[in-house]
Structure formats: C-alpha cells, structure tokens
Number of protein chains: 4
Amino acid sequence: MIPDSPRLIALLSGPDQKGLVSKVANWIYERDGNIIHADQHRDHEEGVFFQRVEWAIADSRSPREEADAFRDFGDSIGMRTKVAVNGAKPKVALFVSKADHCFHDLILRWKAGDFPCEIAVVVSNHQTLKSSAVHYGIPFHHVPVTKETKSDAEANQLALLKRYDIDLVIMARYMQVLSSIFLDTWGKPVINIHHSFLPAFAGAKPYHQAHKKGVKLIGATAHYATADLDQGPIIHQAVTQITHRNSVRDLIRKGRDLERLTLAQAVSWHLENRILVYENKTVVFD
Amino acid sequence: MIPDSPRLIALLSGPDQKGLVSKVANWIYERDGNIIHADQHRDHEEGVFFQRVEWAIADSRSPREEADAFRDFGDSIGMRTKVAVNGAKPKVALFVSKADHCFHDLILRWKAGDFPCEIAVVVSNHQTLKSSAVHYGIPFHHVPVTKETKSDAEANQLALLKRYDIDLVIMARYMQVLSSIFLDTWGKPVINIHHSFLPAFAGAKPYHQAHKKGVKLIGATAHYATADLDQGPIIHQAVTQITHRNSVRDLIRKGRDLERLTLAQAVSWHLENRILVYENKTVVFD
Amino acid sequence: MIPDSPRLIALLSGPDQKGLVSKVANWIYERDGNIIHADQHRDHEEGVFFQRVEWAIADSRSPREEADAFRDFGDSIGMRTKVAVNGAKPKVALFVSKADHCFHDLILRWKAGDFPCEIAVVVSNHQTLKSSAVHYGIPFHHVPVTKETKSDAEANQLALLKRYDIDLVIMARYMQVLSSIFLDTWGKPVINIHHSFLPAFAGAKPYHQAHKKGVKLIGATAHYATADLDQGPIIHQAVTQITHRNSVRDLIRKGRDLERLTLAQAVSWHLENRILVYENKTVVFD
Amino acid sequence: MIPDSPRLIALLSGPDQKGLVSKVANWIYERDGNIIHADQHRDHEEGVFFQRVEWAIADSRSPREEADAFRDFGDSIGMRTKVAVNGAKPKVALFVSKADHCFHDLILRWKAGDFPCEIAVVVSNHQTLKSSAVHYGIPFHHVPVTKETKSDAEANQLALLKRYDIDLVIMARYMQVLSSIFLDTWGKPVINIHHSFLPAFAGAKPYHQAHKKGVKLIGATAHYATADLDQGPIIHQAVTQITHRNSVRDLIRKGRDLERLTLAQAVSWHLENRILVYENKTVVFD
C-alpha cells in the first residue's frame, strides 16, 4: 500500500445482482488501484445493494479522470454512483438564526481540523451572530425573512449558495422552514437538526410539553431536510436522561448539548462520504 | 444510628407550605426516630411539595403503630401520605402472555434477592409459561381472554388478585389491554412496559415500521397503566442504538433487552417506595 | 439472490497485499456464489488485512466441499482462513461456579433462539446450579477444584470437553483461573467476563474498593481467556453510572446486569463468526 | 413561597448524630426561611452525615448576615459548613496550554448563561490562545513554565490568582502538573480533567496505547486536583464506545468531546454548590 497515493471514495446503490462486489473490486484492481476500505449492505426486502469503497489509485493516474471513469463504470452496471476525491473540500453554508450553540460548535470543530470542508459563508435571518462570524473570518450575510418576503428571501439565499459555490447547507438551528421550491431548486443536500421526544409532541414549546408530561428522556435527531418538515431521512439520533429534578431550563440546556453532538456527528459522516439515502432512509457506513 | 432498628418509609405529597420539612423532621425526632434518608422536591409551577423520608424508629415502638401515627400526622398537615414498613413484602401478580423475557428476568431477579416482594401468582391468557412458573414454584392461573369473554375474564382476574391478596400487578408483556373498569375496581398500581420510538409509530408491527423508517434508536418505556392506553405516568425510559445493519429481528431482540432492564428498574423503584405520582407524571427518588 | 441457499461465512487475515478483495470476490463469483455481506479492515500500522465475507453458494454445490475449497484458496493467497457453514451449531460448554446470573441469561437467550449453537454441557466446581441445569435439560458435571487437585480437575474438564465434542468454552462467572496448560491443551476459544473499573483495582473485593474510591462508573469486559489472566483480547466493554447513593450491594447488582449483557453480546458475535483476533486484540465485524 | 427572595445554599458534613435534619430544618423555619431543596446522605460505614440545603430567606433579612449566622449554627452542631448566597458569582481562572477544546467550550457555556460565575482570567504557559481570550474579552496572562522556572512560574500564578480574587481554578487541558506547594498555598479548589481507560495505561501517548491494546471504550474523568497526580476526588466520569475502525486520531477526537462534556458537568455542579468532598471522594447532590 502506498499511503500517500490519492484516494477516491465511491458510493454506489442500485438493484441487487450477482457479482457486484466482484465487478467493482476487479475494476479497481485492473487499473492498479488498491482498496483501502470497502463496506457493503443489502436491503433484502427492497432488493437494493449499497457499497462504499475507498481506494488508492495508481500514481500514474489522475484522480479526476479516474473518478469520471468510475462513474461511467457505475452507470454501465446499473448503479447510482457518486465519487469523491479524498482531500477535496466541499463548500459549506451555515444557515443560522439567533441560537449559537451549533454555530460555534461546528466552526470550532472545523478549525480543529475535524471536518474536511470549507465553511464558506454564514447566512442568517438575524444579525445576532454577525460579529462572531466576522471574528472567525467567515463571510456573513443577513437575509431577513418575513411571511411576505419569504420567496424573495429564498431567492437571495439561492443566489448566495450559487455565488459561494456551495455543496452542502447545514441548518444550524435555523428557525425557518425551507420551502419545497427552495429545496427543489437547490437540489443538493441540506442537513437539519431537531429535538426528539418519547412520546412526540406537536406544536410550540416542546420542552415545556415534555416537562409537563414528565418524560425521562429527551433526544435530538439529525436528518436531511425534505419538503416534508422534519420527516426527511434520519442520519443520527441521540438521547439523554431526565429526572423530575430537571427544570424546563435544564431540559433546554441538555437539549443544546444533544443538538451540538448529534449535528456534528451527522455532518462528519456526510463529509466523509459515509451516507447513502434511499426510500427516505439512510445507510451510514460508519 | 442503630442499623437494625425497624425502619419506616413515607411518601408525602400535597400543597406546598412553609416549614413542611421542619414539621416532618420534628415529628420523627420527637418520637426518638432517626432519619436515614430524606429527599424533597417542589414543583414550583404546580405549587406541590413531595417528600420521601426513611427513618429508624425507636426500639420501644411498634412499626405498625408508628406507621399509623405518621399517616394521621400527614393528614393533619394536609399531605397525601403513604407509609411502608421496611422489610414488609408486598404481594405481586405477574400478568403474562407468551413472551417470556420479562417473566424470567423478573423472577430471577426476585430469586436473587433484588426485589423486596413476594411474587405470589402468575396469571396468563395462554398456557405457554405454565411449566416454567411451576418450576419456579409459583402458582399459575390460566385465564383465557376473547373479545366475548373479556369482562368475565377480568372478573376472574380480579378474584385471583383478591384471593392472593395482591398489592401490585406487573404486566410483563401481557398482550391484553386492561379495561378502565378493571383498573378502577382493582384500584391499586399496575406497572406496564412498552416499546418506544422516535418518531412514534401507531398501529401494528411497530418494529417493522421502525425498520422501514430507518430509525437510529429504539426504546422502551415503563409506566403505570391507566385507562388511557400507554399514556399513564412514565416511570423509566431507556434506548439503544440501531444501524442499517440491524434486521427487524435484531430490533426485536434489542427491544427485548431494553424491556427487561427498563421494567426491572421500574419495579425496583416501586418496591422501594421511591415513586410518587401526580398530574399524570412521576417523581422518582432514586 | 436465493435466500434459502446454504451460506458460508469466512474470516480471513494476513499480510496486506494488493487485490485481495478482488481475488476473494472473484473466487466466489466464479463458483456461482453470491456475496451477501462483506466487510474489510486494514491495520495500516501492522500491515494486516482482515475480511469477513458471507455468501450463498450455488445450489449444485456441497457446503462442506465449498468450505474446504475456500480454505485451500485462502492458503494459496497467504491468508489465515476460517470457514463456517451457516446453520452449523457449534457445541458450547458453560463453566460456572455459584453465581447464576450469566448462567440463566445465556441459557434463556439460547432457548429464545438468539444463539446459533448447542449448549451441550454445564461444568461446575460446585453443585449449586445442578438442579437448574437439569431443569433446562442440559447435562451437568461437578468437577471440584482445590489447590491440590487442580491439575487432575483440569484433566477431567478436558476429558469432558472432548467427550461432548465442544467448540467453545464460556466462563459464565467461573471463579477459577484456567491454567496455561489447560488453555494450550484445549486449543480452542474460551470467552470470559470480568468487571472493570476506572481506575483499575487489584486484589480482592473490587466492588468494595470502587465504592471506597468513590468511582462514578463501573464496567464489565468480555474477552478471550489467555494464560495472562484477564489480559486476553477484549471483545466488548460496557459501563454504567454510579452515584454516592449506591451502596456496595447496588454496585454488585449493577455489575451483574453489565456482566450479563456484555457476555451475551460477546458470545453472540463469536457465534456469528464476527470476531478476528490478532496481536492480542480483536476486530469485531458487527 | 416567594420565588424572588434571596436564597442561601449550605453544604454541611460531619459526624452523624440523631436529629440533624430536624435541627437544620428548625433553624431555618424559626428564622422565617423556606426550604426549597434539601438532600441528605449518610455514609454508614464512615458514620458521616452530608446535607445540601437551599432556602429562601425572609425578606427582612440580609443574605450575608444569614449566611454568617448559619455558619455559626453549623459550628455549634459540629458540622463543617459552607454557605453560598444564590446569585453570588465566584471568580474563575482558566489554566490552559495549547489545546483549545475545553477552553472554548467553558467560555461559550458561560456566555450562554449556563455557569453562575465570572471567568476573570486566562493563564497559560503558551501564547496560543491569547487572541481568542482577547476576543472573548477575558484578560490573558502568559506564564511560561520550564523545569528550572517552575517555582517562579507558580509564584507568578499565585500572584495572579490573588490579584483577580479567584475562587476556583479550572485546568482546561493545562498540561503542567501543579506542585503540592502551589496547591497548599492556594488552598482553594482546582478542577482537572483527564482521559481514562479500561484497563488503565501509564506513561506517554495513552491514546496510542489504548489503540494498540484494542480497547472498546475510552473515558474521561473530572476530579479535584490534589498533590497526588490524577488521584484526587472524582467528580464525574463518562465513556464512549470505540471499534477497530477507529484510528488513533478518532480516539483523540472522541476523547476531546468526552473531556469537554465531562469537565463542563463537573464545573456546573461545583458552581451550583452541589459537591461535598470527604475521604478523597465526593458526594454530588445532582
């Protein structure tokens, strides 16, 4: 193994068929690549095959050309195929409102070298986090949103995503719903985080409701945003214990910690090309 | 402290008022008792006070008389009051169907000395667990339940609870709903266990639904049974992580472990007189 | 995929080399097999490659012959190779002393269909669990052990393992150390469970020491037994929270739950051929 | 209850004796105070009594005078007694080196209103975190430490603690050992955080050792610093699961998350006056 060779990471999914693992491994082997990791999964009920494969390419080859060639190969065997060049840094936009816990957490992890990406822009419907963004050296754009201006605001947001050449939007406690028009037009992934309870609570002030119901657990769920609010494919979930001694304020504080950790984990898996989505659920090759 | 003196455990709840802790402590002190543990809680929004106090009574006094006297004292200060004599062993009935994981678990813990109670009878709508109950030396009664015979069956069950002088019913995966008439007539606590999901799933085959939705956590909730199915006061909740690699069968197996542990913890707290119920929720003095 | 075809599960490990994934996949493909799961791992520092691969063999072929052929193939590419036929049920011996929590737990899981094995015999240095073993319908052998008789006792144990054609020994709280002579002679896997603490405690009564030190966590570790006591390759570890309110008795009780769950998980992974051992550590393809 | 009355929080510990709960409750009641929370614990083996009591004082009284009076009362009944006025904000010094994860985490929680304290100064043996401290508006002092200058450096640190009127030192990944002379001279609490493993590893590069050993859990322990390195009273411990797929770098990253959360929880309990120390262990009234 030549550890410093450029690497490619491919995610494949499609109808199950005999010999898929062999075909993929052969393609790589014949082009002098070396598989570093490979993980497969089959959904037997749906008859779908999933694979994540990471390999070192031959020194003589260009990563970009190999990636293109693999995509063609994936097509030829009937698989939906994504290929990323290891070391490529997707551009990320953070959408925020006033709450800052996920905002700081993501940026500090990024600065610590945990996230292979570039946080290229912060977009907010409030001015609250402007000075912090500036201190971190990240461009900040204020796009106010009201009921009346929502479609204009979303047009502005889409223009910013284009201008900054964004690959991933993270809703880091952004308190507006993104319309299905926005999501369709944008067409790339959006990761969101929200609180979760057992049992679930609809409506406003969920922590107050959870406290009133006397739940013994609170949770957080990170998922891909879809037009169906908070019902997109689940990436990660975590919970923490609650007792009668905890006030609503404690619940909110514990909820913040859950949200930070759960969102950071989901973002990390996404950036490492570990997530495949199908039938509104995820396969996470962790 | 005289560790071998008889002990009383009292649970008090009622409208908050100044000096409650002091009044209770004084009552005990003046009768030569010694407080071993005491734990208080206030629900500030509801203005309710809760206390669990455990004390060694003076050697010269009778536990039963002291318990009665404390109940009278509780009344006199406007508190709902329960008093248990430490070492008294409440009688428990296990309601079961075919599933045996909670059944074995509870009995083995009891035989290991973990539960201060007597498991006096097993009642089931099936014959499946009869021979195991007999091996454990516990009387087993088969009370079949059909739609038509339900009210008769419940009358039989109530007669058994009376005959065995039962203090607590545990639904150890008993797959029938107890009617509100049963619960009202019986009038003593019933602990139930059920699975929990984020998000929640209504209807049949919840593990299949959870698998289809791609949840990353499954959970179990132990609660007191009330006429409002699965909506009674929550005692304890636990969860475990799930991945795409887990089959429906894995989910069911992991669910069984959660159910065993969650139910056993709830039963343990109940038997140690650690739980107070109000406003459809619990205070657990763990 | 033909779900009802016989399946093989192979575990391979050995020096890393280019094209291993491809070679294995091809071998299977060329013999009309179909890979159901495959998982690889590389230890980059040690330069070792690990693979677990599960495949459905062609209907026309015999599982046993395919298994033999794959072993030969594994040899030919320089890999240490184990092959199991799916559905084959290895024979297990439980070694126990007086404590019964792991004993009951393992047997009940096995009876619930969780473990693909046959629990063929219980061996104990005490008579305590004899009647329970008999009730479960499992042969029980009493082999007393004293300092003086230890080597004779181990000879008896080895004879029993041979007589029952045992593949795996589980020390389910068996409170004797197995000598290195026993382990060498036996030559097959032994799974053990022991408590774990942060910090660690040497010597007797570890729960008393942990309580005295005021630890906030207790744990359990399942591992393969080696001549170096409690230092064999770790399979699984779990912990639970402790507070100052917990007595030594509580710690022991919580420790029992940890031991049961941790040992059951380790046994499950072993029986599903998910564990590879090297350099005194494990790769667990969960 | 008058929620806006000033509150006092007292921590008492000392030889167990009959009537302690009653005496404390009476003292408060007779001075028109109202107990909001009270929690007791007895170490039966050591014969020591512990109490945390929080009460609203009468409007007519001065918090400071009541606190002094309670201290005198505590002395009179033979109890070691600390009293804090609710809302008083102890002054905190952060000791840091180059690692910034605990540093940012503590400051952001403080700015979010989670910690009732004032972070008054950052002291470091490196310049690395200077600009961040300045951005947060917290004075930063660089006190380099070498083997030769250690005692001078500690004298400088002590002078800073005095100058800023510090009540609590938090070692937020400060990579120097504080000498017993420093700790004795300082005489107030120091909270430290360190990684923990099962089994434990001595010497350098513990994450590398843990990886080599193949542990399945890593942990973090927050404790009060004492002259006996990393052996002070444990406040809080947490762990996270590890698999063979995790690199040393993953372990370090997961360790950082554990350290942040564990230290933050310990600091929170300390600042809310929830911790009593005795016999080198803690009682945490959470």
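Coordinates for the structure precede this section.
As a starting point, this report considers the structure included with it. Numbers given for residues are sequential positions, taken from 1 along each chain in its written order. Throughout, the order in which chains and ligands are written sets their labels, letters from A for the former and numbers from 1 for the latter. Local features are withheld for residues below a pLDDT of 70 in this predicted model, meaning they are given only at 70 or higher, and side-chain atom pairs are given and counted only at 80 or more; totals for whole chains, interfaces and linings count all residues. Side-chain calculation: all heavy atoms of the structure are included, whereas hydrogens and water are not.

Moving on to the pairing of strand S9 (residues 190–197) of chain D. Residue and element names in this part refer to chain D. Of all eight residues that make up S9, seven are buried, and the element is covered over most of its length. Pairing geometry for strand S8 (residues 168–171) and S9, over three bridges, is parallel. Pairing of Val169 across the sheet is with Val190, part of S9. Per-residue accessibility, obtained with a 1.4 Å probe over protein chains only, is compared with the maximum for each type, and a residue is labelled buried under 20%, exposed over 50%, and partly exposed between these values. For helices the rule is a DSSP run of H or I covering at least 4 residues; for strands it is a run of E covering at least 2, with both sets numbered from the N terminus onward. Two strands pair under a simple rule: DSSP has to find at least two bridges between them.

Moving on to the interface of chain A and chain D. Pairs of residues are marked as contacts when any of their non-hydrogen atoms sit within 4.5 Å. Tallying the contact residues gives 18 residues for chain A and 18 residues for chain D. Interface of chain A and chain D: buried area, both sides summed, is about 1600 Å²; carbon and sulfur atoms make up 41% of it. By convention in these notes, a salt bridge is any Lys or Arg side-chain nitrogen within 4 Å of a carboxyl oxygen on Asp or Glu. Inspection of the chain A/chain D interface yields six salt bridges. Where Arg256(A) meets Asp114(D), a salt bridge forms, and the shortest distance between an N and an O atom there is 2.7 Å. Polar contact is the term for a pair of N or O atoms within 3.5 Å; when the atoms are in protein, one must be able to donate a hydrogen and the other to accept it, and sequence-neighboring residues count only if both atoms are side-chain atoms. Linking chain A with chain D are nine residue pairs in polar contact (both at pLDDT 80 or more). Listed by contribution, the elements that provide at least two residues to the side of chain A that touches chain D are helix H3 (101–111), helix H4 (130–136) and helix H8 (248–271) of chain A. Its residues assigned to classes, the side of chain A that touches chain D shows four nonpolar, four polar and ten charged. Computed with a 1.4 Å rolling probe, the buried area is the accessible surface lost when two parts are put together, summed over both parts. Charged residues are taken to be Asp, Glu, Lys and Arg, nonpolar residues to be Ala, Val, Leu, Ile, Met, Phe, Trp, Tyr, Cys and Pro, and polar residues to be all remaining types, Gly included.

Most of helix H1 (residues 20–30) of chain C sits out of view: eight of its eleven residues are buried. Against helix H1 (20–30) and strand S2 (34–43) of chain A together with strand S1 (7–15), strand S2 (34–43), strand S3 (48–56) and helix H2 (63–76) of chain C lie the buried residues of H1(C). One or two residues past the end of H1(C) sits Asp32(C), with phi positive at roughly 65°.

What follows deals with unusual backbone geometry. All names here are of chain D. Even without glycine at this site, Arg173 takes up a positive phi of about 60°. Inspection of the secondary structure assignment puts Arg173 in the loop between S8 and helix H6 (180–186). Here Arg173 falls in the buried class, since its relative accessible area comes to 13%. Here Lys205, not a glycine, exhibits a phi torsion of approximately 50°, which is positive. Turning to its location among the elements, Lys205 is positioned in the loop between S9 and helix H7 (206–213). With relative accessibility at 54%, the residue Lys205 sits in the exposed group.

Moving on, we come to the relation of the copies chain B and chain A. Between the two copies of this chain, the relationship is a rotation about some axis together with a displacement along it. Least-squares fitting of one copy onto the other uses the C-alpha atoms of those residues that reach a pLDDT of at least 70 in both copies. Mapping chain B onto chain A calls for a screw motion: a turn of 180° about the axis and a shift of 0.0 Å along it, with 0.0 Å RMSD after fitting. Such values leave the two copies arranged in the relation of a two-fold axis. A shared interface surface links the copies, since 100% of the contact residues of chain B are contact residues in chain A too.

The next subject is the sheet that holds strand S11 (residues 234–241) of chain D. All names here are of chain D. Pairing within the open sheet is mixed, and its seven strands lie in the order S7-S6-S5-S8-S9-S10-S11. The open sheet terminates on both sides in strands that have one partner only, identified here as strand S7 (140–142) and S11. Geometrically, the sheet is characterised by an average inter-axis angle of 20° between neighbouring strands, direction not taken into account. The pairing of strand S6 (residues 118–124) with S7 spans three bridges and is classified as parallel. Across the sheet, the residue bridging to Val123 is His141, located in S7. Together, strand S5 (91–96), S6, S7 and S8 form the strand contacts of helix H5 (residues 150–163), whose direction differs from that of S5 by roughly 155°. This element, helix H8 (residues 248–271), spans S5, S8, S9, strand S10 (217–224) and S11 of the sheet and lies at about 30° to S10. Lines fitted to C-alpha atoms define the axes, with helix axes restricted to the stretch in contact, and inter-axis angles between N-to-C directions lie between 0 and 180 degrees.

This part takes up the packing of H8(A) against H8(D). Where H8(A) contacts H8(D), the axes come no closer than 13 Å and their chain directions differ by 175°. Classed by the angle they form, the pair H8(A) and H8(D) counts as roughly antiparallel. Of the residues in H8(D), those in contact with Arg253(A), Asp257(A), Arg260(A), Leu261(A) and Ser268(A) of H8(A) are Arg253(D), Asp257(D), Arg260(D), Leu261(D) and Ser268(D). In these notes the angle categories are as follows: under 35 degrees is roughly parallel, over 145 is roughly antiparallel, 65 to 115 is roughly perpendicular, and the rest is oblique.

So, on to the relation of the copies chain A and chain D. Once chain A is rotated about the relating axis by 180° and shifted along it by 0.0 Å, it coincides with chain D to within an RMSD of 0.0 Å. Most of the interface of chain A is mirrored in chain D, where 100% of its interface residues are also at the interface.

Interface size is commonly expressed as the accessible surface area that is lost when the partners come together. Between chain B and chain A, the contact holds 34 residues from the first and 34 residues from the second. Across the chain B/chain A interface, buried area totals approximately 2900 Å², and carbon plus sulfur atoms make up 48% of it. Seen at the junction of chain B and chain A, the total is six salt bridges. Between Arg245(A) and Asp39(B) there is a salt bridge; the shortest N-O distance is 3.1 Å. Counting the contacts that link chain B with chain A gives 17 residue pairs in polar contact (both at pLDDT 80 or more). It is strand S11 (residues 234–241) of chain B that contributes the most residues to the side of chain B that touches chain A, seven residues altogether.

In this section: the pairing of strand S12 (residues 275–278) of chain A. All names here are of chain A. Bridge count for S12 against strand S13 (residues 281–284) is four bridges, and the pairing is antiparallel. From the neighbouring strand, Tyr278 faces S13, where its bridge partner is Lys281. Hairpin connection between S12 and S13: a loop of two residues separates the two successive antiparallel strands, and Glu279 in this loop has a positive phi of roughly 50°.

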